[in-house]
Amino acid sequence: MLGPVILAASRSDRMRRLISAAPVTKQVVDRFIPGETVDDVLPIIQELTGKGLELTMDVVGEDITTPEQAAAARDAYLELIDRLKPLELGTSAEMSVKLSMFGQALPGGHELALANVRPVVEAAAAIGTTVTLDAEDHTTLDSMFAIHEELRKDFPQTGCVIQSYLFRTEEDARRLAANGSRVRLVKGAYKEPAEVAYQQKHEIDKAYVRILKTLMEGEGYPMIGSHDPRLITIAQELAHRAGRKLDEYEFQMLYGIRSDEHLRLAAEGHRMRVYTAYGTDWYGYFMRRLAEKPANLRFFARSMISRG
């Protein structure tokens, strides 16, 4: 029940100031966001890949209000890619991008976001890796899917994200599976109205399984974005039934959550990719992590109390 409240707080400037000023906040944020700069995260990238894990990197920040800020977001990703090049990690380190960072919500935002994301996708391809377009709230998805389709004309490895709590997603999944796309399936972490999204956890989970079955039986590359042990087991069974080899799908989990499970799945031969965010504009990302799972909120509350 607290999830919608936390998501509402993620858009509140007053809550942003209060939480940012709390002495304990940095300690807790560091659990989910390992640094603010490329220099901070490069050792993390090398450490995790050295353990047999893969990564998708997210430069956090969504509240873009000017074209100059959107260009700066683009340049931050280009800097990351430039720093990854000498590591020669290939697809072991890819990028995740939110098109809102690239100006999608600004006037002429669709064209602006496409113009900003294209050089990032080109640069990623030049070092042997790729980009996944993150899903945001439902009002942005038609634009995101159109940009995804356009980018795949030249860079067919470009991925996208779909969210099981949205009613539209089963149809989106059928289309993407038929097109052979790389698709990350998540439950969804934005506050959505009942007119467009399931509101109950059991409904979201059932939709997740239906959609995952479509992806596993399709022509694309499924990426299972979940920390739920039951869904991970179901995903393995669906992959087996579909005749998929271990390198024909992957699991994805967030940095700082169930790290032992990351290593367990990798040790079993699965592709296990860790979604790793960094940057100074961490607030919206952090609040959605709290909203997604009560255990994350309890961890934050206990830290606040123990430091109080």
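Look above for the structure.
**Student:** Quick question: what am I supposed to make of the overall build of the chain here?
**Tutor:** Scanning the chain from terminus to terminus reveals 13 helices and 8 strands. Each of the 308 residues in the chain was classed as buried or not, and the buried ones make up 52%. Relative to all contacts within the chain whose residues are 6 or more apart in sequence, the contacts with residues 24 or more apart total 73%.

**Student:** Sorry, what's going on with the sheet that holds strand 2 (residues 93-97) here?
**Tutor:** Hydrogen bonds between backbone groups are what pair the strands of a sheet, and the pairing can be parallel or antiparallel. Taken in spatial order, the 8 strands line up as 1-2-3-4-5-6-7-8 and close into a barrel, and their pairing is parallel. Here the strands of the sheet are splayed against their neighbours by 30° on average, with no regard to which way each runs. Here strand 2 pairs with strand 3 (residues 131-133) via 3 bridges, running parallel. Bridge pairing links Ser96 to Thr132 in strand 3. Taken strand by strand, helix 4 (residues 38-50) contacts strand 1 (54-59) and strand 8 (271-278), and its axis lies near 165° from that of strand 1. With respect to the sheet, helix 6 (residues 109-126) is in contact with strand 2 and strand 3, its orientation differing from that of strand 3 by roughly 145°.

**Student:** Sorry, what's going on with the pattern of salt bridges here?
**Tutor:** Between side chains of opposite charge, pairing is possible as soon as their charged atoms come close. Enumeration over the complete set of coordinates arrives at 28 salt bridges. The salt bridge partner of Arg175 is Asp172, with a shortest N-O separation of 3.3 Å. Here Arg175 pairs with Asp172, and both are found in helix 8 (residues 169-179), just 3 residues apart, close to one helical turn. What makes Asp172 buried here is its relative accessible area of 6%. Residues participating in the shared-partner salt-bridge network are Lys187, Lys201, Asp205, Asp228 and Arg230.

**Student:** How do you make sense of the environment of Leu254 when you look at a structure like this?
**Tutor:** Checked against the element boundaries, Leu254 lands in strand 7 (residues 250-254). Sequence separation of Leu254 and Thr276 is 22 residues, and the distance between their C-alpha atoms is 6.5 Å.

**Student:** Help me understand unusual backbone geometry in this model?
**Tutor:** A negative phi angle is the norm for most residues apart from glycine, just as the trans form is the norm for most peptide bonds. Positioned with a positive phi, Glu88 is a non-glycine residue whose angle comes to about 50°. Here Glu88 shows up in the loop between helix 5 (67-84) and strand 2. You can call Glu88 exposed: its relative accessible area is 72%. The backbone of Arg258 sits at a positive phi, close to 55°, despite the residue not being glycine. With respect to the secondary-structure elements, Arg258 resides in the loop between strand 7 and helix 11 (259-267).

**Student:** Quick question: what am I supposed to make of the packing of aromatic side chains here?
**Tutor:** We describe a pair of aromatic rings using the distance from one ring centre to the other and the angle between the two ring planes. Across all of its chains, the model carries 3 aromatic pairs by this definition. A centroid spacing of 5.8 Å and a plane angle of 80° characterise the contact between Tyr77 and Phe102, whose relative ring orientation is edge-to-face. Remark: Phe102 occurs in the loop between strand 2 and helix 6 and Tyr77 occurs in helix 5; sequence separation between them is 25 residues. Just as Tyr77 is buried, Phe102 falls in that class too. With 4.8 Å between their ring centres and 80° between their planes, Phe167 and Tyr198 make a pair best called edge-to-face. One end of the pair, Phe167, is in the loop between strand 4 (159-163) and helix 8; the other, Tyr198, is in the loop between strand 5 (182-186) and helix 9 (201-217), with 31 residues separating them in the sequence. Exposure remark for Phe167: the relative accessible area of 40% places this residue in the partly exposed category. Directly above the aromatic system of Phe145 lies the positively charged group of Arg175, at a separation of 4.9 Å from the ring centroid.

About the cut-offs
Residues numbered from 1 in each chain as written. Predicted model: local features only at pLDDT ≥ 70, side-chain atom pairs only at ≥ 80, totals over all residues. Heavy atoms only, no water. Helix = DSSP H or I, 4+ residues; strand = E, 2+ residues; numbered from the N terminus. Buried < 20%, exposed > 50% of the residue type's maximum accessible area, 1.4 Å probe, protein only. Contact = heavy atoms within 4.5 Å. Pairing = 2+ DSSP bridges. Axes fitted to C-alpha atoms, helices over the stretch in contact; angles between N-to-C directions. Salt bridge = Lys/Arg side-chain N within 4 Å of Asp/Glu carboxyl O. Phe/Tyr/Trp six-rings, centres within 6.5 Å; stacked < 30°, edge-to-face > 60°. Lys NZ or Arg CZ within 6 Å of the ring centre and 35° of its normal.

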